[in-house]
Amino acid sequence: MLENNDLGKLIIRLTLGGLILLHGIHKLFNISGTVAWMGGALAAHHIPSFVAYGVFLGEIIAPLMIISGYYSRIGALLVVGNMLFAIFLVHMSELFSLNGQGGWSLELQGFFLFSALALLFLGGGKYGINRH
């Protein structure tokens, strides 16, 4: 009776997409609407500065794709890439540490990464624009 895979996929899509979209909106409107603030992190790893625009792709465009069910697997792949960049460029020192409450310091990044991986393998379900 409670088995509804497509409803479960919709819940995953709305949760993942909605939560990561809030981070993208915050960066867009509260960090001067640019990605210049990422320049130092990218330069330290010898990565070209234009790669910073991937933040908006991974935190605004991809979540909108995921929420709407429009090529949600591609949106999920973009989020996976975005989170891998975030972990390795910004949060690597926290990878094996716990926060003040005893949880993994990268709980949020881990949630985004692994939920996006699940969505990549599951697909978006029938409650979306592409319906698969």
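In this text the structure is predicted, and so the values were computed from the model without any measurement.

A. Focus on the overall build of the protein chain. Scanning the protein chain for helices and strands turns up five helices and zero strands. Helices and strands in the protein chain line up, N terminus first, as α-α-α-α-α. A compact globule built from 132 residues would reach a C-alpha radius of gyration of about 14 Å, and the protein chain, at 16 Å, matches this within 12%. Overall size of the protein chain, expressed as C-alpha extent along the three principal axes, is 50 × 35 × 25 Å. When burial is assessed residue by residue, the protein chain has 36% of its 132 residues classed as buried. In the structure as shown, the protein chain presents an accessible area of about 7,800 Å², 70% of it carried by carbon and sulfur atoms.

B. Examining the nonpolar core more closely. Within the largest apolar cluster, 15 residues are counted, with the highest numbers of intra-cluster contacts made by Leu 16, Val 79, Met 83 and Ala 116. Going through the elements one at a time, helix H1 (5–30), helix H3 (54–68), helix H4 (72–89) and helix H5 (107–122) are the ones with two or more residues in this core. Take this core: its biggest share by element is six residues, from H4. When residues no more than four places from it in sequence are discounted, the contact partners of Val 79 are Ile 20, Gly 58, Ala 62, Ile 66, Phe 112 and Ala 116. Among the nonpolar cores identified, the runner-up in size contains five residues, and Met 38, Leu 42, Ala 52 and Val 55 belong to it.

C. How the structure looks around unusual backbone geometry. In this structure, Tyr 71 is a non-glycine residue whose phi angle is positive, near 50°. Of note, Tyr 71 is situated in the loop between H3 and H4.

D. Focus on the packing of aromatic side chains. Tallying each qualifying case throughout the model produces two aromatic pairs. Seen from their ring centres, Tyr 70 and Tyr 71 are 4.7 Å apart, and the 85° between their planes marks the pair as edge-to-face. Residue Tyr 71 is classed as partly exposed on the basis of its relative accessible area of 40%. With a centroid separation of 5.8 Å and 55° between ring planes, the pair formed by Phe 111 and Phe 112 is classed as tilted. Judged by its relative accessible area of 32%, Phe 111 is partly exposed.

E. Structural context of the environment of Leu 108. Mapped onto the elements of the fold, Leu 108 is located in helix H5. The partly exposed category is assigned to Leu 108, whose relative accessible area is 36%. C-alpha separation for the pair Leu 108 and Leu 64, spaced 44 residues apart in sequence, amounts to 19 Å.

F. Examining the side chain of Lys 9 more closely. Along the chain, Lys 9 falls in helix H1. Among residues more than four places away in sequence, those in contact with Lys 9 are Leu 122, Gly 123, Gly 124 and Gly 125.

G. Looking closely at the packing of H4 against H5. Interhelical geometry of H4 versus H5 gives an angle of 150° and a closest axis separation of 8 Å. Put simply, H4 runs roughly antiparallel to H5. Where H4 crosses over H5, the two elements pack in a sense that is left-handed. Each of Ser 72, Arg 73, Ala 76, Leu 77, Val 79, Val 80, Met 83, Leu 84 and Ile 87 in H4 lies in contact with H5, whose residues at this interface are Gln 109, Phe 112, Leu 113, Ala 116, Leu 117, Leu 119, Leu 120, Phe 121 and Leu 122. Class assignment for the residues of the contact of H4 with H5 results in 15 nonpolar, two polar and one charged.

Cut-off values and rules
- All residue numbers here refer to positions counted from 1 along the written sequence of the relevant chain.
- With pLDDT at 70 or above as the cut-off, local features in this predicted model cover only qualifying residues; side-chain atom pairs require 80 or more to be listed or tallied, and sums for whole chains, interfaces and linings still use all residues.
- For the side-chain quantities, the full set of heavy atoms in the structure was used; hydrogens and water were omitted.
- Note on conventions: DSSP H or I runs of at least 4 residues are helices, E runs of at least 2 residues are strands, and numbering of each starts at the N terminus.
- Here the globule rule reads 2.2 Å times residues to the power 0.38, and the radius of gyration is calculated from C-alpha atoms.
- For each residue, the accessible area found with a 1.4 Å probe, counting protein chains only, is set against the maximum for its type, and the residue is called buried under 20%, exposed over 50%, and partly exposed in between.
- Per-residue and other accessible areas follow the Shrake-Rupley method at a 1.4 Å probe size, with only the shown protein chains counted as cover for residues.
- For this analysis, a nonpolar core means a set of buried residues of the types Ala, Val, Leu, Ile, Met, Phe, Trp, Tyr and Cys, connected via side-chain atoms within 4.5 Å.
- Contacts are assigned to residue pairs that have any heavy atoms within 4.5 Å of one another.
- Pairing of aromatic side chains here covers Phe, Tyr and the six-membered ring of Trp, requires ring centres within 6.5 Å, and sorts the geometry by plane angle: under 30 degrees stacked, over 60 edge-to-face, intermediate tilted.
- Helix axes are fitted to C-alpha atoms over the stretch in contact, other axes to C-alpha atoms as well, and angles between N-to-C directions run from 0 to 180 degrees.
- Orientation is classified from the angle alone, with under 35 degrees giving roughly parallel, over 145 giving roughly antiparallel, 65 to 115 giving roughly perpendicular, and any other angle giving oblique.
- Each helix crossing is assigned a hand: it is left-handed if the near helix lies turned anticlockwise from the far helix by less than a right angle, otherwise right-handed if that turn is clockwise.
- Under this grouping Gly is polar, as are all residues other than the nonpolar Ala, Val, Leu, Ile, Met, Phe, Trp, Tyr, Cys and Pro and the charged Asp, Glu, Lys and Arg.

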